[in-house]
Amino acid sequence: MKIEMPTTDRRTMLGLTALTAGAAIAAASSPAIAADDAKTMAKPAMTPDQALAKLIDGNRRFVADQIPVADISTKRRLEIAKSQAPFAVLVGCADSRVGPEHLFGGGLGELFIVRTAGNYVDDAGYGSIAYAIAALGTPLIVVLGHERCGAVDAATKLVTNNSQLPPSLTRMVKPILPAVIDARATLGTKTDLVDHAIHMNVRHVVRGLRETSDPILAEPLKAGKVKVVGAYYDLDTGEVDFFDRG
Ligand SMILES: [Zn+2]
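All values derive from a computational prediction rather than experimental measurement.

1. As for the sheet that holds strand β4 (residues 227–233)
As summarised here, the arrangement of the five strands in space is β2-β1-β3-β4-β5, forming an open sheet in which the pairing is mixed. Strand pairing shows two members of the sheet lacking a second neighbour, β2 (111–115) and β5 (240–244), which therefore form its edges. Averaged over all adjacent pairs, the angle separating strand axes in this sheet is 30°, with direction ignored. Bridge count for strand β3 (residues 140–146) against β4 is seven bridges, and the pairing is parallel. Bridging across to β4, His146 finds its partner in Tyr233. Its contacts with the sheet place helix α7 (residues 123–136) against β1 (88–92), β2 and β3, and it is angled at close to 165° to β2. Against the sheet, helix α11 (residues 193–210) makes contact with β3, β4 and β5, and its axis sits at roughly 165° relative to β4, the strand it touches most.

This is the structure:
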């Protein structure tokens, strides 16, 4: 089976052209979202750096096997039953070993999570991110890749060995191919192409979000109210390395 290589245009890669219109329509068609937007964006609960520090601290506790700090109590559930204000959007892989709330000790109502195999952001994923930013006032977006990612590994095999996949799985790896191609071109003295591609894939997704022309995200980014950072989770140590902080 021959695969048509996707364009490396970042906006097209993230489907941002379609998304811009979709997100704008979603916001405009819902007075409730517009009202929430004004309320939450006027008084952000945390700065992007405070949100990042909270994630770093949560991961430190996770690595140290400390008592779970995640608040999943009845009291907390009732506190947020009618509204939410998550402090971070997590774009992560569907892999069963990388549940964001576990890695950061996140409780109910704290993380707004978008997950696909290979932590790719498609149109629906971007719409979800835009909703968190515009309607919930979330100040931080984290794109989280991880060690030994099966989706990136499959994409790498396809590029290097021209291996074949069933069409449904090809849909999973196709958006990752530009990152693998970039990784192969910049491998240098590194020996682990898959791991380099995992980092590159995170960088691609981060860059696509940072460079979006969609004002719902572009304006708070420019104003410093929102940050997009890239991170890598080590399956062996449990540590999350925020290697791309912009
Ligand atoms: Zn993965």
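So, next bit.
2. Some remarks on the coordination of the zinc ion
For the zinc ion, the full set of protein donor atoms is Cys93 (SG), His146 (NE2) and Cys149 (SG), at a range of 2.0 to 2.3 Å. Of note, the zinc ion draws all its donor residues from one chain, in the sequence arrangement C-x52-H-x2-C. Here Cys93 is found in the loop between β1 and α6 (100–104), whereas its partner Cys149 is found in the loop between β3 and α8 (150–161), with 56 residues between them in sequence. Relative accessible area serves as the criterion here: at 4%, Cys93 is assigned to the buried category.

3. Section: the pairing of β5
Across three bridges, β4 lies against β5 in antiparallel orientation. Across the sheet, the residue bridging to Tyr232 is Asp241, located in β5. The turn linking β4 back onto β5 is made up of six residues, and Gly238 within it adopts a positive phi angle of 85°.

4. Some points on the packing of aromatic side chains
Where two aromatic rings form a pair, the distance of their centres and the angle of their planes describe that pair. Within this structure, the stated rule accounts for two aromatic pairs. Between the aromatic rings of Phe104 and Phe242, the centroid separation amounts to 6.3 Å while the plane-to-plane angle is 40°, which identifies the pairing as tilted. In this pair, Phe104 sits in helix α6 while Phe242 sits in strand β5, placing the two residues 138 residues apart along the sequence. A relative accessible area of 5% means that Phe242 is categorised as buried. For the ring pair Phe112 and Tyr131, a centre distance of 6.2 Å and an interplane angle of 35° mean the geometry is tilted. Of this pair, Phe112 sits in strand β2 while Tyr131 sits in helix α7, placing them 19 residues apart in sequence. Residue class for Phe112 comes out buried when judged on its relative accessible area of 15%.

5. With respect to helix α12 (residues 215–222)
Within α12 the residues assigned to the buried category are Leu217, Pro220 and Leu221. The arc enclosing the buried residues of α12, seen along the axis, measures out at 105°, which places them on a common side. Those residues of α12 that are exposed and angled more than 90 degrees off the buried face are Glu219 and Lys222. Gly224 sits one or two residues past α12 and shows a positive phi near 80°.

6. Regarding the nonpolar core
Note on soluble globular proteins: their nonpolar side chains tend to be buried together. Counting 41 residues, the largest nonpolar core has Leu55, Leu90, Phe104, Leu140, Val142, Leu144 and Phe242 as its most contacted members. Top contributing element to this core by residue count: α8, with six residues. With residues up to four places along the chain from it excluded, the contact list for Val142 reads Leu55, Val89, Leu90, Val91, Val229, Ala231 and Phe242. Within the second largest apolar cluster, 22 residues are counted, among which are Tyr126, Leu136, Ile141 and Val226.

7. Notes on the pattern of salt bridges
Following the criterion strictly, the structure yields 12 salt bridges and no others. In this structure, Arg148 engages Asp236 in a salt bridge whose closest nitrogen and oxygen atoms are separated by 2.8 Å. One end of the pair, Arg148, is in the loop between β3 and α8; the other, Asp236, is in the loop between β4 and β5, with 88 residues separating them in the sequence. Asp236 sits in the exposed class, given a relative accessible area of 55%. Salt bridges sharing common partners tie together Asp57, Arg60 and Arg61.

Calculation notes
Residues numbered from 1 in each chain as written. Predicted model: local features only at pLDDT ≥ 70, side-chain atom pairs only at ≥ 80, totals over all residues. Heavy atoms only, no water. Pairing = 2+ DSSP bridges. Helix = DSSP H or I, 4+ residues; strand = E, 2+ residues; numbered from the N terminus. Axes fitted to C-alpha atoms, helices over the stretch in contact; angles between N-to-C directions. Contact = heavy atoms within 4.5 Å. Donors = N, O, S within 2.8 Å, 3.2 Å for Na, K, Ca; no water. Buried < 20%, exposed > 50% of the residue type's maximum accessible area, 1.4 Å probe, protein only. Phe/Tyr/Trp six-rings, centres within 6.5 Å; stacked < 30°, edge-to-face > 60°. Arc of directions from axis to C-beta. Core = buried A, V, L, I, M, F, W, Y, C linked by side-chain atoms within 4.5 Å. Salt bridge = Lys/Arg side-chain N within 4 Å of Asp/Glu carboxyl O.

Just geometry here; none of it tells us what the structure is for.
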